[in-house]
Amino acid sequence: MPYSDDETDDELDPGSDEERPQVEEAKSTESGWRVKANDRAFCNLPEFQKKYLLCLKKSKYAGNGIKTYKYNALTFIPLNLFEQFKRAANLYFLALLVLQIIPEITTLPWYTTLVPLVLVLGITAIKDLVDDLARHRMDNEINNRKCEVLLDGRFQVSKWMNIHVGDVVRLKKNDHIPADILLLSSSNPNSLCYVETAELDGETNLKFKMGLKVTDERLQEEGQLAQFDAMIVCEEPNNRLDKFTGTMRWRKERFPLDLDNMMLRGCRIRNTDECHGLVIFAGADTKIMRNGGKTRFKRTKIDELMNYMVYTIFVILVLLCAGLAIGNTFWYEEVGSKAWYLYDGKDQTASYRGFLSFWGYIIVLNTMVPISLYVSVEVIRLGQSKFINWDLQMYYQEKDTPAKARTTTLNEQLGQIEYIFSDKTGTLTQNIMAFKKCTIAGHTFGSFLSLGTTQPVDFTWNKYADRKFEYLDHSLVVCIRSKKDKDTLEFFKLLSLCHTVMVEQKEDELVYQAASPDEGALVTAARNFGFVFLSRTQDTITISEMDQEMTYEVLALLDFNSDRKRMSIILRFPDGRIRLYCKGADTVIYERLSPNSKHKEVTQTALDIFANETLRTLCLCYKDISKQEFDAWAKKHKAASVAMSNREAALDRVYEQIESNLMMIGATAIEDKLQDGVPETIAKLAKADIKIWVLTGDKKETAENIGYSCKLLSDDMQIHYGEDVNEKLRIRQANRRDQPPAFGRTRKKVPDPFFPEPGRNALIITGGWLNEILYEKKKKRRRLRLKRLGKRPASATPQDAAQPIDDWEKETRQVDFVNMACECEAVICCRVTPKQKANVVSLVKKYKKAVTLSIGDGANDVNMIKTADIGVGISGQEGMQAVMSSDYAFAQFRYLERLLLVHGRWSYIRMCKFLRFFFFKNFAFTLVHFWYSFFNGFSAQVAYEDWFITLYNVMYSSLPVLLVGLLDQDVNDKLSRKFPKLYLPGQQGALFNYKNFFISLFHGIFTSLVIFFIPYGAFLQTMGQNGEAPSDYQSLAVVMASSLIFTVNMQISLETSYWTFVNCFAVLCSIAIYFGIMFDIHSAGIHVIFPSTFTFTGVASNALRQPYLWLTIILTVGITLLPVICIQFLYKTIWPSVGDNVQRNRKKYEMEEVEEEKSTPFQRGRRSRRSAYAFSHSRGYADLIASGRSIRRRPATARPNPRDSIREIPQAENI
């Protein structure tokens, strides 16, 4: 979803620049979406018809019935099969099934392929059916909800699915809103309506909507609503939840419409008895449905690797079949055609027989391509997701919030993270603001340590005081209650008046609803110090000043936004004076101060001190305005507020005119505490060689000091700022330009380091420098404006270091920046917009090919979360937008350590072990056919019984390897967190790659060789106890099959690190199932019923009676397992990995007591820094208020080097 402080590509489009003539914009608005009130026929006019199938037409206005399901009773089977056969493996096995039906080609019965294929398709289809039935039930429930619609002059109960665009509806308290509706009137004063948007954005605090003044006055009764015939012209349906632009034409007048007039589907009416609205968008056109589109599909590295390996297997299969087909051709020419007893009555050439043999071997060796692989992987991923959901150590009891895996496809990727991109406010910090200090007219309050007291101030003298508020500096209360210091009284009066907070009375308690936690903290502080915000109406605000109630007339409210970074209010005092109060970031306030303003230097010094203590600061100032000056300004303000185009820009220009020559009062300092465990989590992740970048909207000084307090930065780091970075990149670019063209354009594989000197480096850069470094935004906008004016932008010369010569140089600049940033141990980007956050993530993904994770808690983090390989949402104070867009969600940043170092690492190890063994067991099984071919004239004769081939992957070998993929763990969770070095193999992709794949392949080749040739040699010259030779093909098949089952199940036992009863049962059960089914299908009874299908009658009982054959099986299994045991022993003894060392000393580590690190208060004194208002602070309720609607009644320790080995300092890893 785009954001208001985002510069999207549309905004840079030549047709949407602010210089575009207003006539064109008005024209585009007129030709947009048109809605006629109380006129359903209007939507069916020919001009609104569109083609949807050949020459058939339908209205472009959607009905209100929704359809989120994919299938119905008729389409389920064909559509589901179509979707499943889009997967290459399924399509491959369908082609095999077709080949097996052809008599001249088939070498295996059709059921050997059909049974596994039907099982795989059936399991997937059942899963899809269950999901779709749930969607059907939800759709039916929603579509059949009831609502009152104005039909034939009176309100009638109708189903949601029968509502049309242009209908007038009546909604009551607690009703769900059925469509995107224009609010006309309500039972509240001035058509104010409260809505809850939890289903839309996850936020549970109430929002305020309002009707136009004209509709509120004229559309209250049923008869008036029936005669309502306005024409609404607005934007086309879109997914922008934060924007709506339109116009209402009624009775020859035009009225502007915006988002405050709209009630969106997905919301719910609260605290409003009754309201009326006009349906603008219905069904699929509503904003919530438009936001339900396809999200960015994320795939893991293992997924991509697995697909390439399946393609590799297919290539190997084709080459093997081609070789065997050639062998068949030569064999037939040399032997087959000359042996009279092999004549089959078919006059076919050797080449044609070789061609048929090729397809026959494609069928015989088809199990090299594993049909059940994808289903097994999905089952494992589902199980891993459930383990995350069930983890009580990631459950946050205070808010009753468990961890939630919102996807089942990315679990193993959690074990490969190299870069973490984190928001600051609400992610590293609690986003619960507390008023701590302030400076008023040069005097600082709140330094309670110097007063020698830690006893909180007693606010019992104030009947309105918030009992949760704590303050430790008694001198401030004494100063206020004495009423001698006018500056102090003015300071808190400003805090109680200059805001957009809403107030409600609940059980004799004042409840404030603020647009941001900062604003709520400031108003609450003023409330406790005797300046209590009581109520507000359309043009007044009432406060209690030291128990004296005062009402001020609100003349204008200039709201906050991310560009202005300030808000102001213009008030008329009871004595007739007009005064402007303003609060905002120091960077914008100091630019607008009067030359005569006092206390500027002293306040700036206090701001530096506050910033060093990681406090968030805000400057407060005022300005007295004459009546003549205000009247002249008010005319400009009114004209800007009704502008039909670029309204926000026009208002900003008018605001600038009045917000000048301000007088400084002081500044506030608010504390946003770190969440519990953040420094420890960052230190632990750093030891796992995970680099953490903080991307925040806060000011540079605040972000930097939070970096110190959470131990992301330390005193021994060399910090590089934007200007340093830009200079280094400029020098590198200039050097590259000075090189010969051919040489300069050749990118070095290993670039020269930007920081060759030893030491640890950190990078702190602002959004402005980021644009400058990466040639973003302003350059593009400038080129577009020059193009529109018919001018050609001057081409950059080598001397013009501020502009790139071409796209190659721009890309090289980006690569240089990423390389420089990745050389640093910590990177902090501050004052960045949501789009810039996503761009930074994209750069690292693009140029480092690294696995990235983004974590945030607010709407401004959604873009970043969706861009990263894995997105994590924190359910904090800023609603649920981040959680709803994330792949994983939990309540505290510290849980990230467990998610990655425990669940992520386990998932990666399990998946890699599963895939390696899965490929091995299929190679060992299938290649026996290959060796057998050399002894059967390459005739595509199978080495096993048909039913063994059918059930091998389904019943005999699937369960043990599946359980290893679900339950295995090399060390327990405590040791996984104690030794972060165990995480490194996942980052390096060391456990599953092409090397491991070919090892599995050669292991399978060796195993298949032993399984075929030892029984073959044992059967070559053998005599049984009864004097008969058991050297028949069927007995050989049984011995090879039995050897294979024992080998595979014992091999997975050797691979299992974590034994449970379930694993043991699975191995024994698989072997027991094999023998049970084999004796059944080899029985005489089943042969009598199906003589042509079950042809191995009595083979198992006859063959396995021979001790000689059991010895053959034991010898075969022993020879296949002995090299594996020896190699594992040598590796763990001579070349042990970090995990092997931990496993060897596991008991010792488990018994060690973990020393708790003593934490001391954070202190900094290196250089002064200044903190300011958060860039991510959200827009307030000024539009609502100003619209004329009344409101209802420690010292930092150096972080150990992550490359320190476990054996050197094992305790150091347990920080």
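Keep in mind that this is a model prediction, so the values were computed, not measured.

## Re the overall build of the protein
Summing up its helical and strand segments, the protein has 42 helices and 35 strands in all. Scored against the burial criterion, the 1215 residues of the protein give a buried share of 55%. Just so you have it, the protein exposes about 54,800 Å², and 56% of that area is on carbon and sulfur atoms.

## Quick notes on empty space enclosed by the protein
As a volume, the largest cavity reaches approximately 70 Å³. What lines the largest cavity is simply Y944, E945, F948, Y956, A1037, V1038, A1041, Y1074, M1078, I1081, H1082 and F1096. Of all elements in the fold, only α30 (946-956), α35 (1033-1055) and α36 (1061-1081) reach the threshold of two or more residues within the lining of the largest cavity. Tallied by class, residues from the lining of the largest cavity come to ten nonpolar, one polar and one charged.

## Some words on the nonpolar core
L373, F914, L915, Y944, F948 and L1044 are the most contacted members of the largest nonpolar core, which totals 105 residues. With 17 residues, the single largest contributor to this core is helix α29 (residues 895-933). Among all residues touching Y944, those that are not within four sequence positions of it are A924, F925, V928, H929, I949, Y1033, A1037, M1040, A1041 and L1044.

## Quick look at the packing of aromatic side chains
With the rule as written, the count across this model stands at 64 aromatic pairs. Ring centres of F930 and F934 lie 5.3 Å apart, and the angle between their planes is 85°; this geometry places the pair in the edge-to-face category. For F934, a relative accessible area of 44% translates into the label partly exposed. By the ring-pair criterion, three or more aromatic residues cluster together here, those being F930, W931, Y932, F934, F935, F938, F1012, F1013, Y1016, Y1033 and F1096. Geometry around Y512 places R527 over its ring, the cationic atom sitting 5.2 Å from the centre.

## Some details on the confidence of the model for the protein
Of the residues in the protein, 84% reach a pLDDT of 70 or more, and the chain-wide mean stands at 81. Per-element mean pLDDT across the protein ranges from 36 in helix α1 (residues 22-30) up to 94 in α29. Ignoring residues within four places in sequence, the model shows residues 1153-1178, a span with pLDDT below 50, making 88 contacts including any to other chains. Overall, residues 1188-1215 carries pLDDT values under 50, and its contacts beyond four positions in sequence, including any with other chains, amount to 84 contacts.

## Quick notes on the pattern of salt bridges
All told, the structure shown has 39 salt bridges when counted by the stated rule. For R381, the salt bridge goes to E378, with nearest N and O atoms at 3.7 Å. Highlighted residues: R381 and E378, both in helix α11 (residues 373-389), separated by three residues, approximately one helical turn. Using a relative accessible area of 32% as the deciding quantity, one classes E378 as partly exposed. Its salt-bridge partner being E671, residue K436 comes within 3.6 Å of it at the nearest N-O pair. Here K436, found in strand β18 (residues 429-440), pairs with E671, found in strand β28 (residues 663-674); they are 235 residues apart in sequence, far enough to count as distant. With a relative accessible area of 22%, E671 lands in the partly exposed category.

## Observations concerning the environment of V214
In this structure, V214 sits in helix α6 (residues 213-218). For the pair V214 and W250, spaced 36 residues apart in sequence, the C-alpha separation works out to 9.7 Å. With sequence-adjacent residues up to four places away left out, V214 is seen in contact with M248, W250 and F255.

## Regarding the sheet that holds strand β6 (residues 168-172)
Spatially, six strands are ordered β5-β4-β6-β15-β7-β13 in an open sheet, and the strand pairing comes out antiparallel. Two strands lie at the open edges of the sheet, namely β5 (154-159) and β13 (262-263), each paired on one side alone. As paired elements, strand β4 (residues 146-151) and β5 share six bridges and run antiparallel to each other. Bridging across to β5, K146 finds its partner in K159.

## Section: α35
Compared with the 33 Å implied by 1.5 Å per residue over 23 residues, the 33 Å span of α35 between its first and last C-alpha is a close match. A large share of α35 lies buried, amounting to 17 of its 23 residues.

## Some details on the packing of α29 against helix α31 (residues 958-967)
In a pair of packed helices, the angle between the axes and the distance between the axes together describe the arrangement. Their axes nearest at 7 Å, the elements α29 and α31 cross at an angle of 165°. If you check the angle between α29 and α31, you find them roughly antiparallel. Seen along the crossing, α29 lies across α31 with a hand that is right-handed. Mapping the contact onto sequence places R910, K913, F914, F917 and K921 in α29 and V961, L962, V964, G965, L966 and L967 in α31.

## A short note on the pairing of strand β1 (residues 33-36)
Along β1, the buried face is formed by W33 and V35; none of R34 and K36, which line the opposite face, is buried. Here β1 pairs with strand β10 (residues 231-234) via four bridges, running antiparallel. Along β10, the bridge assignment pairs K36 with M231.

## Digging into the packing of helix α13 (residues 486-497) against helix α14 (residues 517-528)
Interhelical geometry of α13 versus α14 gives an angle of 130° and a closest axis separation of 8 Å. In terms of axis orientation, α13 runs oblique to α14. In this structure, the crossing between α13 and α14 has a hand that is left-handed. Mapping the contact onto sequence places F492, L495 and S496 in α13 and L522, V523 and A526 in α14. Residue composition of the contact of α13 with α14, grouped by class: five nonpolar, one polar and no charged.

## Concerning α30
Counting buried positions along α30 yields nine of eleven residues, so the element is predominantly enclosed. Those residues of α30 not exposed but buried are D946, W947, F948, I949, T950, L951, Y952, N953 and Y956.

## Describing the environment of Y332
By the secondary structure assignment, Y332 is in helix α9 (residues 301-334). Taking the C-alpha atoms as reference points, Y332 and G937, separated by 605 residues in sequence, lie 7.7 Å from one another. Beyond its immediate sequence surroundings of up to four residues, Y332 is in contact with S337, Q348, A350 and R353.

## Let's talk about the sheet that holds strand β11 (residues 245-250)
Pairing is antiparallel across the open sheet formed by four strands, whose spatial order is β1-β10-β11-β12. Single-partner strands in this sheet number two, and they are β1 and β12 (253-258). Between one strand axis and the next, the sheet turns by 20° as a mean value, whatever way the strands run. Two strands pair when backbone bridges link them, and β10 and β11 are joined in this way by four bridges, in the antiparallel orientation.

## Comments concerning unusual backbone geometry
Most peptide bonds are trans, and most residues other than glycine sit at a negative phi. Of note in the backbone geometry, N38 takes a positive phi value of approximately 60° without being a glycine. In this fold, N38 is placed in the loop between β1 and β2 (49-53).

## Things to note about a nonpolar patch on the surface
On the surface, I1127, F1129, L1130, Y1131, I1134 and W1135 cluster together into a nonpolar patch covering about 680 Å² of accessible area. Relative to the elements of secondary structure, F1129 occurs in helix α39 (residues 1107-1134). A residue is classified by how much of its surface remains accessible, and F1129, at 55% relative accessible area, is exposed.

Rules and cut-offs
- Sequence order sets the numbering: in each chain, residues are counted from 1 along the sequence as written.
- Only residues with pLDDT of at least 70 get local features here, since the model is predicted, and only at 80 or more are side-chain atom pairs given and counted; chain-wide, interface and lining totals rely on the full set of residues.
- With hydrogens and water excluded, all non-hydrogen atoms of the structure serve as input to the side-chain values.
- Comment: elements are numbered from the N terminus, with helices defined as DSSP H or I runs of at least four residues and strands as E runs of at least two.
- Between buried and exposed lies partly exposed: a residue is buried under 20% and exposed over 50% of the maximum accessible area for its type, with that area taken using a 1.4 Å probe on protein chains only.
- In short, Shrake-Rupley with a 1.4 Å probe defines the accessible areas, and a residue's cover is counted only from the protein chains shown.
- Throughout, the protein atoms alone are placed on a 1 Å grid, and a set of points is a cavity if a 1.4 Å probe fits but cannot get out or a pocket if it is open with protein on both sides within 12 Å along at least five of seven lines; lining residues have an atom within 4 Å of a point.
- Grid points are joined across faces, edges and corners, and a volume is the space filled by probe spheres set on the points.
- Classification used: nonpolar for Ala, Val, Leu, Ile, Met, Phe, Trp, Tyr, Cys and Pro, charged for Asp, Glu, Lys and Arg, polar for all others including Gly.
- Buried Ala, Val, Leu, Ile, Met, Phe, Trp, Tyr and Cys residues that are joined via side-chain atoms within 4.5 Å together make up what is termed a nonpolar core.
- Only heavy atoms matter for contacts: two residues are in contact if any of them lie within 4.5 Å across the pair.
- When the centres of two rings from Phe, Tyr and Trp lie within 6.5 Å, Trp using its six-membered ring, the rings pair. Their planes under 30 degrees apart give stacked, over 60 give edge-to-face, and anything left gives tilted.
- In this scheme, Lys NZ or Arg CZ marks a charge over a ring once it lies within 6 Å of the ring centre and within 35 degrees of the ring normal.
- As a per-residue measure, pLDDT tells how confident the predictor is, with possible values from 0 to 100.
- Basic side-chain nitrogens of Lys or Arg form a salt bridge, by our definition, when they fall within 4 Å of a carboxyl oxygen of Asp or Glu.
- A strand pair is defined by DSSP finding two or more bridges across the two strands.
- To estimate the expected span of a helix, count its residues, drop one, and scale the result by 1.5 Å.
- Here an axis means a line fitted to C-alpha atoms, over the contact stretch when the element is a helix, while the angle between two N-to-C directions is reported on a 0 to 180 degree scale.
- Working rule for angles: under 35 degrees goes down as roughly parallel, over 145 as roughly antiparallel, 65 to 115 as roughly perpendicular, anything else as oblique.
- Handedness of a crossing follows from how the near helix is turned relative to the far one, being left-handed for an anticlockwise turn of less than a right angle and right-handed for a clockwise one.
- Excluding any residue in a salt bridge, patches collect residues exceeding 30% relative accessible area, merging like charges within 9 Å and nonpolar Val, Leu, Ile, Met, Phe, Trp and Tyr side chains within 5 Å.

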